[in-house]
Amino acid sequence: MNFLETNIKGVYEVHFFNATDDRGSFVKTFHCDSLREAGLNAEFQESFYSTNKQGVIRGMHFQVPPEDHAKLVYATQGTILDVILDLRRDSETYGQFAQVEISGSNFCGVYMPKGVAHGFCCLTEATMVYLTSTQHSPQHDSGIRWDSFGMDWPVVNPIISVRDQGFEVFSQLESPF
């Protein structure tokens, strides 16, 4: 695993070990020691995946303390524009966002620390995998409205859940981080 820090401190584009030949590809998406050596959280409690249609936007999601979590995300198929918004009040990049294109064929993922909101836009049909350092806690689950922080999403007429449409706008957030 190789880690390339984005413009947001603690958010990394992760390049996974991969081997491709005429049979297909082999990809190592998690290696505990590599994360630890990079100073990152390597203790994950749950793993999820979502299947998504082209044009879907999911996000911007986070869990509030004490159930806030770090995440490692990647796509197993399709192409996604992953977006991470810094919600840490004492961060010099508070309110700024990073974006990383990840796909089933570029062997990249994103590591994000506690204190950020996460979302993505599906540029094609895609399957997204998430590892989280805490378990899902509905009473700590929250989010920021996807269109309220300056991101120029690359999709016309996005498919967005009722839940995600109902999140508060970033300018009204009293960040818990």
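Above this text you will find the structure in question.
Residues numbered from 1 in each chain as written. Predicted model: local features only at pLDDT ≥ 70, side-chain atom pairs only at ≥ 80, totals over all residues. Heavy atoms only, no water.

Undergrad: What's the story with the overall build of the protein chain in this structure? I'm lost.
TA: The number of helices and strands found in the protein chain is two helices and 13 strands. By principal-axis analysis of the C-alpha atoms, the protein chain measures approximately 50 × 40 × 30 Å. A total of 177 residues make up the protein chain; the buried ones form 50% of that total. If you take every contact in the protein chain between residues at least 6 apart in sequence, the share linking residues at least 24 apart comes to 78%. Accessible surface computed for the protein chain: about 8,900 Å², of which carbon and sulfur atoms make up 47%. Between the mean site of the 12 positive side-chain charges and the mean site of the 22 negative ones, the protein chain shows a separation of 3 Å. (Helix = DSSP H or I, 4+ residues; strand = E, 2+ residues; numbered from the N terminus. Buried < 20%, exposed > 50% of the residue type's maximum accessible area, 1.4 Å probe, protein only. Contact = heavy atoms within 4.5 Å. Areas by Shrake-Rupley, 256 points an atom, 1.4 Å probe, with all protein chains shown as cover. Lys, Arg positive; Asp, Glu negative; His and termini not counted. Charge placed at Lys NZ, Arg CZ, Asp CG, Glu CD.)

Undergrad: Even after reading the chapter, I still don't get the sheet that holds strand 2 (residues 12-15), so can you show me in this structure?
TA: Two orientations exist for strands paired in a sheet by backbone hydrogen bonds: parallel and antiparallel. If you trace the six strands from one edge of the open sheet to the other, you get 1-2-10-7-12-5, paired in antiparallel fashion. Of all strands in the sheet, those bounded by a partner on one side alone are strand 1 (2-5) and strand 5 (46-52). Strand-to-strand twist across the sheet, computed as the mean angle between neighbouring axes with direction ignored, equals 25°. One ladder, built from six bridges, connects strand 7 (residues 71-77) with strand 12 (residues 126-132); its direction is antiparallel. Note that in strand 12 the partner of leucine 72 across the bridge is leucine 131. (Pairing = 2+ DSSP bridges. Axes fitted to C-alpha atoms, helices over the stretch in contact; angles between N-to-C directions.)

Undergrad: Where do I start with the nonpolar core in this structure?
TA: Side chains of a nonpolar character, in soluble globular proteins, are inclined to be buried together. Counting 19 residues, the largest nonpolar core has Val11, Ile80, Ile102, Val110, Met112 and Met128 as its most contacted members. Listing elements by their share of this core, those giving two or more residues are strand 7, strand 8 (79-86), strand 9 (97-103), strand 10 (108-112), strand 11 (116-122) and strand 12. Among the nonpolar cores identified, the runner-up in size contains 18 residues, and Ile144, Trp146, Phe149 and Leu173 belong to it. (Core = buried A, V, L, I, M, F, W, Y, C linked by side-chain atoms within 4.5 Å.)

Undergrad: What is the right way to look at the environment of leucine 4 in this model?
TA: Along the chain, leucine 4 turns up in strand 1. Classification of leucine 4 by relative accessible area gives partly exposed; the value is 48%. The spatial distance from the C-alpha of leucine 4 to the C-alpha of valine 110 is 9.5 Å, given a sequence separation of 106 residues. Setting aside its immediate chain neighbours within four residues, leucine 4 contacts Val11, Tyr12 and Glu13.

Undergrad: What is the right way to read the side chain of histidine 140 from this model?
TA: Mapped onto the elements of the fold, histidine 140 is located in the loop between strand 12 and strand 13 (141-143). Taking relative accessible area as the criterion, histidine 140 reaches 17% and is therefore assigned buried. In this structure, histidine 140 is in contact with Phe62, Gln63, Val64, Pro65, Pro66 and Glu67, ignoring residues within four places of it in sequence.

Undergrad: What's the story with the pattern of salt bridges in this structure? I'm lost.
TA: Side-chain pairs of opposite charge can arise whenever the charged atoms involved come near each other. Tallied over the full model, the rule gives six salt bridges. One salt bridge connects glutamate 43 with arginine 36, and the closest N-O pair in it is separated by 2.3 Å. Residue classification places glutamate 43 among the partly exposed positions, given a relative accessible area of 42%. The salt bridge involving arginine 88 is made with aspartate 86; its shortest N-O contact spans 2.9 Å. When sorted by exposure, arginine 88 lands in the same class as aspartate 86, which is buried. Through salt bridges with shared partners, one network takes in Asp141, Arg163 and Asp164. (Salt bridge = Lys/Arg side-chain N within 4 Å of Asp/Glu carboxyl O.)

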